[in-house]
Each structure stands twice: as structure tokens, then as C-alpha cells.
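Structural overview for review
If you want the building blocks of each chain, they are given just below.
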There are 2 protein chains.
Amino acid sequence: MKKGHQVTMKEIAKKLGVSVSTISRALKDSPELHPDTKKRIVEMAKEMNYQPNLLAQSLRISRTNTLGVIVPEITSHFFASCISGIQDHANKRGYNVMICQSNETLELEKANIRTLVASQVDGLLISLSRETNQYDHLLDLYNREIPFLLFDRVNEDIPVSRVTFNDEGGAYEVTKYLIKTGCKRVMYVSGPEDLYISKKRKEGYLHALSEFGITADPALVKISDLTTEGNIKVAQEIADMENRPDGVFCMIDPVAIDILTSWKAMGIKVPTDMALAGFTNNPTAAVVEPPLTTVAQPGYEMGKLAVTHLLDQLDGQASDDPISIVLETTLVPRQSTKALQ
Amino acid sequence: MKKGHQVTMKEIAKKLGVSVSTISRALKDSPELHPDTKKRIVEMAKEMNYQPNLLAQSLRISRTNTLGVIVPEITSHFFASCISGIQDHANKRGYNVMICQSNETLELEKANIRTLVASQVDGLLISLSRETNQYDHLLDLYNREIPFLLFDRVNEDIPVSRVTFNDEGGAYEVTKYLIKTGCKRVMYVSGPEDLYISKKRKEGYLHALSEFGITADPALVKISDLTTEGNIKVAQEIADMENRPDGVFCMIDPVAIDILTSWKAMGIKVPTDMALAGFTNNPTAAVVEPPLTTVAQPGYEMGKLAVTHLLDQLDGQASDDPISIVLETTLVPRQSTKALQ
DNA sequence: CTGAAAGCGCTAACAG
DNA sequence: CTGTTAGCGCTTTCAG
């Protein structure tokens, strides 16, 4: 299939007997131009259904007005919300967005960066894959002075702006809530330990424990690989414990939901036998039975802040010095935990 | 913030004392080139960390190897799955993807098309917004011979390939299932009547009724505007009916879930008082209580088929004549309906 | 086997 | 106010 012909400035110029530069000027509403010729040109352009070739324009002005976005998984509701926020606010400022997903692999993350850079995007918004434990590709971006920032899944060693949630604070709040609703032995189900959020949320968990004078018990921290199978395994392990926890805080909602489902099948009641809480506030969290207590992370807002900061840097409204933007989370109490007294 | 300098072929040429065309040939592994010079060039390119400028390349060969995708809503799990399928398979064939969302508005749909076309994408994959009831922008694409196809939210009057689900068949199956599990009065809760899927699924619903010799009762078709408020209103109306249905098939899962939630609050039991079924198989459908009987639509697969067909057309492996690809759906029986006897 | 030259569509000095 | 010219980075004839 071959694309049909696109009208160019040259053709308008020929038809009107003027030069291409005049066309160019007329179409960008240059002041130094006779109003009449301008009018003639604009009308003719419309009549011929002229559409500028952004490729040529970008090549010429060496700016594409396009940003690249890399997320681990587009089908995750949270990342989809981020993208939505990024796109809306990029468009608002005249920018387009190219979205890629790394499918949680370092290899694709690198490949995505390569093609986005080759496509001459003006900047990049990146959320790291789970696999990413080495950062040459990011340092390379940094060294080549390609503007980018990290959001949500960040690394703190790269001298670049990042947008994160107050993960520690959110985890602290939910753990505190579990304790205040009567839990004496609160467990934390973490993801792989090298993940940024695994660490941060554990810090919040530990912080809450210590605040209530509870000694952290290593038996009350479990690690899931975050697959459904892994989550089910953890659910089983907890059920098998001689001295079960009475409250379980899971690093992310899907873990909590898998555990909830497993427990249901085993006849374990939530929250009476054990209370359960998650993190993220996925749509599913609201509809499971019982509805899941969790911590809301406004993804759209994160996307908006991230893209706004990057664009501010690009057009000089913000300093190039890296900053860290931290969004607050909100505890969403539901029925998977007991009520406050 | 200014982007750092990017290495160009010119610079490699100067450093090596050869011409730019030689660099170009070496980098695309042209056979008519001395192996030694080729090797020297490739090594130098790597050393200098050369990255081709896709913009310049695309302008020259008038092909971008980029496809544009427009979906109504990126945060919908179904569309996110489609995008995922599109992206994976586009990448596999050396294409990039630019994703846009119309936010269910005609205006943004048009604007998205305009910028994607201006960006010289090689083709477009479009799923129409709910608002789209006029098709000039698509006919324009058609007249300008820009390759595109429609998927899921399609219009049948545009002479262009489309990829859809067998909506009628899916609706037929689920209605039949409701009848076979004992429902005598099955209701259909539709979306706005001009929507393609509203019509198709209604056809399937009516087909099943007639097959069982049941006369369609206009009181057993309700229309929701698909907002949560609208859905709740419908739930209330059903509850208020003197002669309630005993089975309700909703056009999409969110409607069913909102109704389920409303009914729960009113003390109506599902499926004993009324059975309930949806369509799409959203992640939430599996976790509500009771789990929702629904019809699965493999979004990833749809994306894959759509992009594969478009790329086949682009590189001549498939005819340019429009075809209609219809994917089958799968009934997913769960506990929101009674069991088969 | 390699180089020179033209040109993709556009913008931006520089002249007039 | 408008045209001429050069060139963004790359590919591709056409010569040699």
C-alpha cells in the first residue's frame, strides 16, 4: 500500500507564483508580510488541504516537540493513569508523546531509549523496569545531555529529577492504621528486595512499628516475586504459620488480592482472622469482597507533575538542577481491616 | 535545557577521511564496499557512539516506520491490552508506535489524526470515540490514501479494513446461557443506541430470545449512559420494577459491576434474586462478589491482528482491499449466574 | 569500490 | 514586504 501524495509548500508556492519562504512566513503568521498575500496563501493552503510535514520542520529546527515515555507495563492501571496525565498536559503545551513499554525487562528498556533518542525526542520520562539494576543506559543519556527524568520507579544515584510518591509515608500510615485497629502482629509482604518501593515501604512499616514500641520480628516479613503463583505461595505460608500475624500489609494491591482469594478458598476470614491491606488503590481493590483497605496513589497527577517539570526544564522555566518531587498518598480505609474504635 | 550534540555521519566521515556516502553505505552493510573500510567505519561509529537521526532518514526515504494509534481511553484495561498487542507486534516488525487518546471526544480524535498525519506516520490504527457520529475526518484519510484501519469501535460505512469481535455471537451466547440456567425474563442493559456495540450486542440478545421462542419485551431493554450515575439509576429502576427480570445482561462489565454494587446495598441477592452478566471480562469482573459471568474479549490478540494486517497491507503482503476480521469471544461462566443443571 | 551531487520539506539569515 | 540561498542529516543516483 502506498501513501498518497501530500501537498507541500513548494506546490502552493508554484500555484500562487510566490516563493516558498513567503509561504512559510504566511503559514506561521509572520508580521513582516503583506496582509493580502498572507490571506491568499492561507486560503490556498486550506483549499489544497495542506498539512505541514513535521518531520522536515523538526529536522530543520532540531526540535520535535515530542517527548518519549517508557513505562514497565501499559496494562497496569496505575501506569495507564500516569500516561494519561502525561499526554493531556504535554498536548496542552503543544507536545506529542511517544509511549513505549519495557515489559519489565532491562533489554527492552534500553531498546526503547535507543529508538526514542534516534527519533530525536526532546526529552524522556522514564519509569524503570523491575529488572533494571544497572544504569549505564541512563548515565549515557545523562552524559549526552538528553533531558530526562524518572518517575515512580526511580533510582536515586542518577543526578536527574525524579517524581515519586511518599512511599515511606504511605506505608507508615497504613501500618499505623492496622495497629490502631487492633493488630498486634503486623506482617509486611514485600516484593523483591532490590526494588525501590520494596525498600521504601518497608521503612514506613518499620517506622510505624517502632513508633508503637513494637519490636520488628523477621518472621513477620515475607517476600513475594509478585507473580500470582508467588503470591499464592505466600498466602499458604502465612496460613501455615504456627503463630500467624493478625494483620498483613502487602506492598501492592495485586498481592493482597491474590492472598485474599487464596484465604477465602481456605476459609480464612478477613478481617476477623487476619486484617489485610494493600497499596496503590487499583480499581479491583474497591470491588473485592471485602473491599480492600489500601493507599491511593494518584497516577494522573504524577504524570502531570512529571511532564510539567520536564517541559519547564526544556523551555527554561525551571532550573536544570535535578529536583525531587514527592507526592503524598492517601489512606483509603475499607472493610478488609477492622474499624477504628 | 539544551540537548547535547549528537554525532553525525559527517563527523565520522571527516575523522576517517572518507565521504559521507561511504559512511552511509557502511552503516547499512552495503555489499559494494571494501570489507576493511566497512570495518573501520563501523568501529569508529561505535566508538563515537553514533546514533542515526531517524528524522533525517525518514524525510529522505519518506517512510517513518512509525504507526499511529488512537484509542478512546488508555486507562481502560481492554484498550491498554490492545495497545500492548499492537506495540509488541509492531516492534517485532521494526515499527514504532505513537499512541494517542481521544478521551471519547470527536474533537480530540480529529486533532490526534491531524498530528499523527503531520508526523508522517506510515499508517493509523483507530478505535472511534463514543462521540464520533460523523466521519469526514476518516473519509479525508481515505481520500488522501493514508493507510488506516478501524478496530473494536468501528464504523461500517468507511471502505477500510476493520477488526472487531463477534459481538453479536458473544451476546447471543451469554443470553442463551442465562436462559439455560433458568432465567425466564432476561433483560438487556444497553449503552447509547447509536454505538456500534450497543446494536450488535442487542442483536445477539434478541437472537437468543427468539431461538428459545421468547417474545422480546420492550420493558426488558434499558439504556444507560454508561456513567456510574447512569448505571446506578438503571439499577434502581430495575429494583423498582413491578415485574422484575430474573436475569440481566449488561453491555459492558462496568455497568454490571455498578448494578451489582447498588443491588448489594439494597439487599438484592445475585444470582438468587436476579442473575447478572457482563461483557469484556475486565480484571474487576473476576474479583467482585459474586464473581461476574461475562464474555472475554482478548484485547492483546485484537491489537496483534490489527497491526499485523495493517503492516501486511503496507508492505504488500496483503491486498489493499478492505477486509473484516472478526475475533471470537469466549463465555466466562462465574457465580453471578446460576449453574447449569 | 568510493566520491560528488542532488534533494526529501522546511526555516532562517541575508539581500534587496 | 519578498525572493534567494544555504542547510538540517541522511540516502541514492550517477560518475569515475
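Residues numbered from 1 in each chain as written. Chains lettered and ligands numbered in written order. Predicted model: local features only at pLDDT ≥ 70, side-chain atom pairs only at ≥ 80, totals over all residues. Heavy atoms only, no water.

An unreviewed UniProt entry lists chain A under the name LacI family transcriptional regulator, from Algoriphagus chordae.

1. Some thoughts on the packing of helix H10 (residues 228-240) of chain B against helix H11 (residues 253-266) of chain B
Residues and elements named next belong to chain B. Closest axis-to-axis distance for the H10/H11 pair is 8 Å, and the angle between their directions is 50 degrees. Classed by the angle they form, the pair H10 and H11 counts as oblique. Both H10 and H11 take part in a crossing whose hand is right-handed. Contacts between H10 and H11 involve Thr-228, Asn-231, Ile-232, Val-234, Ala-235, Gln-236, Ile-238 and Ala-239 from the first element and Pro-254, Val-255, Asp-258, Ile-259, Ser-262, Trp-263 and Met-266 from the second. Across the contact of H10 with H11, the residue classes tally to 10 nonpolar, 4 polar and 1 charged. (Axes fitted to C-alpha atoms, helices over the stretch in contact; angles between N-to-C directions. Helix = DSSP H or I, 4+ residues; strand = E, 2+ residues; numbered from the N terminus. Parallel < 35°, antiparallel > 145°, perpendicular 65-115°, else oblique. Left-handed = near helix turned anticlockwise from the far one by under 90°. Contact = heavy atoms within 4.5 Å. Nonpolar A, V, L, I, M, F, W, Y, C, P; charged D, E, K, R; others polar.)

2. Quick notes on the protein's contact with DNA strand D
Of all residues adjacent to DNA strand D, which total 27 residues, the nearest are Ser-21, Thr-22 and Arg-60 of chain A together with Tyr-50 and Arg-60 of chain B. Counting only the atoms of DNA strand D within 4 Å of the protein, the fraction contributed by sugar and phosphate is 60%. For DNA strand D, a phosphate oxygen lies 2.9 Å from a polar atom in the backbone of His-34 of chain A. Of all the elements in the fold, those that place two or more residues in the surface near DNA strand D are helix H2 (20-27) and helix H4 (54-61) of chain A together with helix H1 (9-16), helix H2 (20-27) and helix H4 (54-61) of chain B. Per-class residue counts for the surface near DNA strand D are 9 nonpolar, 11 polar and 7 charged. (Near = heavy atom within 4 Å. Polar contact = N/O pair within 3.5 Å; in protein donor to acceptor, adjacent residues only side chain to side chain.)

3. Quick notes on the interface of chain A and chain B
Listed by partner, the interface residues are 54 residues for chain A and 55 residues for chain B. For the pair chain A and chain B, the two sides together bury roughly 5000 Å², of which 54% comes from carbon and sulfur. Where chain A meets chain B, there are 2 salt bridges. The salt bridge partner of Glu-289 of chain B is Lys-264 of chain A, with a shortest N-O separation of 3.1 Å. Where chain A meets chain B, there are 14 residue pairs in polar contact (both at pLDDT 80 or more). (Buried area = accessible area lost by both parts, 1.4 Å probe. Salt bridge = Lys/Arg side-chain N within 4 Å of Asp/Glu carboxyl O.)

4. Considerations on the relation of the copies chain A and chain B
Each copy of the sequence occupies a distinct position, and chain A is placed on chain B by a rotation of 180 degrees and an axial shift of 0.0 Å, giving an RMSD of 0.1 Å. Overall, the copies show the geometry of a two-fold rotation axis. (Least-squares fit on C-alpha atoms with pLDDT ≥ 70 in both.)

5. With respect to the side chain of Ser-161 of chain B
All names here are of chain B. Note that Ser-161 resides in the loop between strand S4 (148-151) and strand S5 (162-165). Within the structure, Ser-161 has its side chain in polar contact with the side chain of Gln-313 (distance 3.5 Å). Excluding residues within four positions of it along the chain, Ser-161 makes contact with Leu-149, Leu-150, His-309, Gln-313, Asp-321, Pro-322 and Ile-323.

6. Regarding the sheet that holds strand S3 (residues 123-126) of chain A
Residue and element names in this part refer to chain A. Taken in spatial order, the 6 strands line up as S2-S1-S3-S4-S5-S11 in an open sheet, and their pairing is parallel. Looking along the sheet, the strands with just one partner apiece sit at the ends: strand S2 (96-101) and strand S11 (324-327). Direction aside, the axes of adjacent strands within the sheet are offset by 15 degrees on average. Where strand S5 (residues 162-165) meets S11, 4 bridges bridge the pair, whose relative direction is parallel. Across the sheet, the residue bridging to Thr-164 is Val-326, located in S11. Helix H13 (residues 299-314) contacts strand S1 (66-71), S3, strand S4 (148-151), S5 and S11 of the sheet and is inclined by roughly 165 degrees relative to S4. (Pairing = 2+ DSSP bridges.)

7. Some remarks on empty space enclosed by the protein
Within this structure, the stated rule accounts for 2 cavities of 30 Å³ or more. Looking at the largest cavity, its volume works out to about 270 Å³. Lining the largest cavity are 17 residues, and of these Leu-55, Met-98 and Ser-119 of chain A together with Leu-55 and Ser-119 of chain B sit closest to its centre. For the lining of the largest cavity, the secondary structure elements donating two or more residues are H4 and S2 of chain A together with H4 and strand S2 (96-101) of chain B. (1 Å grid on protein atoms, 1.4 Å probe; cavity = no way out; pocket = protein on both sides within 12 Å on 5 of 7 lines; lining within 4 Å. Points joined across faces, edges and corners; volume = space filled by probe spheres on them.)

8. Quick word on the UniProt feature "domain: HTH lacI-type" (unreviewed entry) in chain A
The UniProt record annotates "domain: HTH lacI-type" (unreviewed entry) at residues 7-61 of chain A. Counted over residues 7-61 of chain A, helix gives 67% and strand 0%. Its end C-alpha atoms are 20 Å apart. (UniProt positions renumbered as here; feature names shortened; annotations may be inferred.)

9. Thoughts on the pattern of salt bridges
All names here are of chain A. Per the counting criterion, the structure on display carries 26 salt bridges over all chains. Asp-167 serves as the salt-bridge partner of Arg-201, at 2.6 Å between the closest nitrogen and oxygen. One end of the pair, Arg-201, is in helix H9 (residues 196-211); the other, Asp-167, is in helix H8 (residues 167-180), with 34 residues separating them in the sequence. Relative accessible area serves as the criterion here: at 2%, Arg-201 is assigned to the buried category. In this structure Asp-167 comes out as buried when scored by relative accessible area, which is 1%. Members of the salt-bridge network, linked through shared partners, are Arg-93, Asp-312 and Asp-315. (Buried < 20%, exposed > 50% of the residue type's maximum accessible area, 1.4 Å probe, protein only.)

10. Observations concerning the sheet that holds strand S6 (residues 186-190) of chain A
All names here are of chain A. Strand order in the open sheet made by the 4 strands is S7-S6-S8-S9, with parallel pairing throughout. The open sheet terminates on both sides in strands that have one partner only, identified here as strand S7 (221-223) and strand S9 (275-277). Across the sheet, the axes of successive neighbouring strands diverge by a mean angle of 20 degrees, strand direction being ignored. In this sheet, S9 lies alongside strand S8 (residues 247-250) in parallel orientation, the contact comprising 3 bridges. Pairing of Val-248 across the sheet is with Leu-276, part of S9. Most of the contacts of H9 go to S6, to which it runs at about 170 degrees, and overall it touches S6, S7 and S8. Helix-sheet contacts for helix H11 (residues 253-266) involve S6, S8 and S9, and the interaxial angle to S9 is about 150 degrees.

11. As for the protein's contact with DNA strand C
Surrounding DNA strand C, one finds 27 residues, the nearest of these being Tyr-50 and Arg-60 of chain A together with Thr-22, Arg-25 and Arg-60 of chain B. Close to the protein, within 4 Å, the atoms of DNA strand C belong to sugar or phosphate groups at a rate of 65%. A distance of 3.2 Å is found between a phosphate oxygen of DNA strand C and a backbone nitrogen or oxygen belonging to Asn-53 of chain A. Take Thr-22 of chain B: an N or O atom from its side chain is 2.5 Å from a phosphate oxygen of DNA strand C. Among the elements of the structure, helix H1 (9-16), H2 and H4 of chain A together with H2 and H4 of chain B are those that each provide at least two residues to the surface near DNA strand C.

12. Here we look at H2 of chain A
Residue and element names in this part refer to chain A. Along H2, the positions that sit buried rather than exposed are Thr-22, Ile-23 and Ala-26. The arc that holds every buried residue of H2, seen down its axis, measures 100 degrees, which confines them to one face. For H2, the elements touching its buried residues are H1 and helix H3 (35-47). Following H2 by one or two positions, Asp-29 has its phi on the positive side, about 55 degrees. (Arc of directions from axis to C-beta.)

13. Quick word on H9 of chain A
Residue and element names in this part refer to chain A. Taking 1.5 Å of rise per residue, the 16 residues of H9 would be expected to cover 22 Å, and the 23 Å separating its terminal C-alpha atoms lies within 8% of that figure. Regarding H9, the residues found buried are Tyr-196, Ile-197, Ser-198, Arg-201, Gly-204, Tyr-205, Ala-208 and Leu-209. Turning to H9, the residues buried within the fold contact S5, H8, S6, S7 and S8. Following H9 by one or two positions, Gly-213 adopts a phi angle in the positive range, close to 70 degrees. (Expected span 1.5 Å × (residues − 1).)

14. Some thoughts on the domain arrangement of chain A
Residues and elements named next belong to chain A. Taken domain by domain, chain A comprises domain 1 (9-52), domain 2 (65-164 + 299-325) and domain 3 (167-297). Distance between the C-alpha centres of domain 2 and domain 3: 30 Å. Between domain 2 and domain 3, the residue contacts involve 8 residues of the former and 8 residues of the latter. Between domain 2 and domain 3, the buried area comes to about 870 Å², and carbon and sulfur atoms account for 56% of it. There are 1 salt bridge connecting domain 2 and domain 3. A salt bridge links Glu-156 to Lys-200; the shortest N-O distance between them is 3.9 Å. (Domains from an automatic or database assignment.)

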